[in-house]
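Commentary on secondary and tertiary structure
Listed below, chain by chain, are the residues.
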Amino acid sequence: MKRLFTLASLMLLVALTANAQWRKTWDFSKGYSEETKANLNADPNWVSNRTDENGVTTGWKDNAKMYGTLQANGVNIAELEGIDFGSTGLSGNSNYLLDPSSIRVTRKKQEFSLPKLAAGQKVTIVAKSANTTATDRGFKGNDNMEYIDGPANGICLGPDGYQKLVWKVKDDVEDSVDIKISTDAGGLDIQLIMIDEGDAPEVVEAKKVAYITRSETLDSDFAYIMLSGATDVMNLTTIEASADVTLDSLLAYDAVVVSPFVTAADAMVPVLKSAIAYEPMVNLNVGLYEAWGYGSPVVTDVTALTVDETAAANALYEGLPDADGLELITDGTLTGVKLGDYFANDTVLAHAGDAVAVHLHNPARNAYILLPFTAENILAADENAISVLPLNAVQLVAATKKDITAVGTPSLTQEFYDNATKVTATVTNKAAKLYYTIDGTEPTEASTLYTEPFTLTAPATVQAIAYADGYTPSKVASLDVIIKSKAAAPVITAVNNADNTEITLSCATEDVDIYYSYNAIDDQAFAQKYTEPIVLREEPCTIYAFAAGGDYVQSEMSSQAISINSINAQTLRIDTLAHFDANETDWFVDNTENGGTGKASAYYYWGKSAWSYYSTEVDYEETVKDSEGNDSIIYHYKPDAAAVRVVNPNNENGWILKSAGQVLTGELQLTIESKVGNGATGRYAETAEDILGGVPSKGAITFGGKTSGEPYTGAIESTVKFTAPFDVVTYIGNGNGSGAAIMQVEVSADGVTWDSVGVAKMAGTQRYYKKTRVNVEKSGEYYVRLAQVGGSTKAQVYDVYVLNNGEISQAYDPNTGIEGISGSAAEVLRSEVYSLNGMRMNQLQKGLNIIRQYRADGSVKTVKVLK
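Okay, so let's go over this structure. Because the structure is a prediction, the values reported are computed rather than measured. (Residues numbered from 1 in each chain as written. Predicted model: local features only at pLDDT ≥ 70, side-chain atom pairs only at ≥ 80, totals over all residues. Heavy atoms only, no water.)

Attention shifts here to the side chain of Thr36. In this fold, Thr36 is placed in helix α2 (residues 34-42). By relative accessible area, which is 6% here, Thr36 ends up buried. Beyond its immediate stretch of four places on either side in the chain, Thr36 contacts Ile77, Ala78 and Glu79. (Helix = DSSP H or I, 4+ residues; strand = E, 2+ residues; numbered from the N terminus. Buried < 20%, exposed > 50% of the residue type's maximum accessible area, 1.4 Å probe, protein only. Contact = heavy atoms within 4.5 Å.)

So, on to the pairing of strand β36 (residues 501-506). Taking every second residue as pointing to the same face, the buried face of β36 carries Thr501, Ile503 and Leu505, while none of Glu502, Thr504 and Ser506 on the other face is buried. Here strand β35 (residues 491-496) pairs with β36 via 6 bridges, running antiparallel. The residue bridging Ala494 from the neighbouring strand is Ile503, located in β36. Taking the residues between adjacent antiparallel strands as the criterion, β35 and β36 are bridged by 4 residues. Two strands pair when backbone bridges link them, and β36 and strand β39 (residues 534-536) are joined in this way by 3 bridges, in the antiparallel orientation. Residue pairing across strands places Thr501 opposite Leu536, the latter belonging to β39. (Pairing = 2+ DSSP bridges.)

Turning to the pattern of salt bridges, a few remarks are in order. Taken as a whole, this structure holds 26 salt bridges when the rule is applied. Residue Asp99 is joined to Arg50 by a salt bridge in which the shortest nitrogen-to-oxygen separation is 3.3 Å. Taken as a pair, Asp99 in strand β8 (residues 96-99) and Arg50 in strand β3 (residues 46-51) lie far apart in primary sequence, 49 residues in all. Taking the relative accessible area as the measure of exposure, Asp99 reaches 5% and is therefore buried. Owing to a relative accessible area of 38%, Arg50 belongs among the partly exposed residues under this scheme. For Glu556, the salt bridge identified is with Lys486, shortest N-O distance 2.6 Å. Of this pair, Glu556 sits in the loop between β41 (552-553) and β42 (558-562) while Lys486 is found in strand β34 (residues 485-486), placing the two residues 70 residues apart along the sequence. (Salt bridge = Lys/Arg side-chain N within 4 Å of Asp/Glu carboxyl O.)

Below, the discussion takes up the nonpolar core. Of all hydrophobic cores here, the largest spans 47 residues; its most connected members are Leu316, Tyr317 and Val358. Sorting elements by how many residues they give to this core places helix α8 (residues 383-398) first, with 9 residues. Among residues more than four places away in sequence, those in contact with Tyr317 are Val307, Ala311, Ala312, Ala323, Leu349, Ala350, Val358, Leu389 and Asn392. In terms of nonpolar packing, the next biggest core, distinct from the first, is built from 39 residues, Leu668, Ala741, Val745 and Val774 among them. (Core = buried A, V, L, I, M, F, W, Y, C linked by side-chain atoms within 4.5 Å.)

Residues that lie three or four places apart on an α-helix share one face, since the helix turns once every 3.6 residues. By the burial criterion, the buried members of α2 are Thr36, Asn39 and Leu40. The arc that holds every buried residue of α2, seen down its axis, measures 100°, which confines them to one face. Exposed residues on α2 whose side chains face more than 90 degrees from its buried face are Glu34 and Glu35. (Arc of directions from axis to C-beta.)

A word on the side chain of Thr213. Turning to its location among the elements, Thr213 is positioned in strand β18 (residues 207-213). Beyond its immediate sequence surroundings of up to four residues, Thr213 is in contact with Leu218, Asp221, Thr238, Ile239, Glu240, Ala241, Ser259 and Val262.

Shown next as structure tokens:
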């Protein structure tokens, strides 16, 4: 059997030799075998990470922690076999991304080992940073290796793209050793791992190619003569164009070549038409287009091809010095083609005059290519062209040989409206066409073509099928469409008691659930489910409610402004005196001289470790009895004044961070959701009442660990006093999955002695946040702080507001809400947006908003806006 030794074949064999016991090359640029892909798709421990234009998965990521020899569907992944992946640094998932041309290792300190190597052997890695701006991502070898070539310190700078890094096993290693390579930081794409010069060259079988011709013309067929001589590349079998041959028999070949001497009357012509896109094909016969109904010949007055710069880079022209202007024939003129609808969107690789001369159809799967020869001009073929183009074309299309599979089954979904249902059909193969019926009959290509979602007003069974070039038809998808009516909008009933308002929600439609919010959420997954009357005491608001469930379409939204008898223009406190928020501009503070480390996503202000609150000076001694009745002395130490540490913001804003031993971390890029979590993973409100009046700002200060047996000392303190009475509002998230911190709101007249005025609540669910309003019913001026006094770690403080009764509060009318305050017509210099409860917002939110306008003449106008 003839075999070819080419660079392309060698690289292909990297995948074919994956099961060898000894291996020196892992070339991920060649992708994964069909078997590996099938195993990855079948294994729930691997999930899709990317798809191609047809919706077919081309990249995978791990969905479970795995190490050692990586497997998919219980089978070793051949392309990774021989690499032992370590467990260090791994997370529960997404540690490896198997992309079409690389494998990404995503974690810091992630490691892998290679087979036993001897002294002096080299290991080469070609890799790049997955982040084009990162400057800290790279690799390092273990003590058995020395780094001998590549970027400094093994760091792959993001802007530099792929880099080659080379290590050598140290010369003093006596026995063969396992070498280990680890990441300095995660997010690195590995394209190649190679030991020494890589695997020895391998061989591949020559392609089986069918040449469709008329035997009496072979001596005059220069294309056949050239191809039949390439016995190291292909085994060429001639098939008579008049033979009774089926498509199934052609599928046994790696490619089919159609001779320019085949005529439209030959028996094979219809079979060849049916083979396009199902079997790789090189057509050397322009004359068949009319017989196929796929176009018509165009006689030109040229002998050379016109090839643009992009097309010239195609593998078809490899080995030719200049594709543009290539003389295809030396006598006569070329015949091109005017493409019909079937080929209309193909890639054109050359023109002959204004006609298409060379075009490529279905390039990724059982490709088809035309070379514009005819029986009349083949004898005048240019020697360079005829010796290169047909061979390149056969190799090009044969490389795209794929098994014929069915189009994926369409997906049918229905979306309900009041007495009408919209049906949407989708299919993962983006080249597929969908056909459907609604009368109970099975769909075919003669059925209605699906072009967009359609609406039904009566129950029906929708069936759909997908067809795509090069695939067999999909299975039939079926959907029983039902029609629903809309539920009645809920009725909101508010009863004002002396110090609270009790809200009852009801619906005239039976067997539905009612959901409510204070910011017009219309998604039942993220609104609060109503189970009992709602009692509000602290803040007037607008409540929104809708009904959903059962066999009904979700209702329209109801809303109602809620007042509270005990709150009026003199008692309401929604004017912002001060606002602490963990924004990156203020709190990404460079505190390296005091141990600070990290980045904006997690900056440890004094380092990651706690320090001692106590000094070495004894405060007092305590004598206690031990378990045997003997006296035992316990020494109590004085607090260490030097333990107190403070971080000031980059821009003075009236707040500081303080600790005497507890770790504080700025997680300044946390983004919250203005929705109720209801069990979803994320930074959600625990209840609708936690969104009442506004939502937390971006970023949080996380209260971390302390020295065992010592007190919590972390605090956020104001550096200015506020005149009481006032309210303190906090938004605190729970970063701990097993407990909650005890966070206390405290005030102080002198900044030394602090009194508790209330506890700031935390959610019981990890990452959820909770809002607390604490009333400070005092007189005089006070500093404010939020301090941890007990519980667990990882309280995440988003905001601390100090609110009083001022201009906005005094404009409140229980009957009409916030009334506009008169102002001049002078130019507005800036505007600030507040929630109805005085929380400063970045932008308008759904529902009522308060806008405070600062004007050029010094006046301020406050208006309310409904979004």
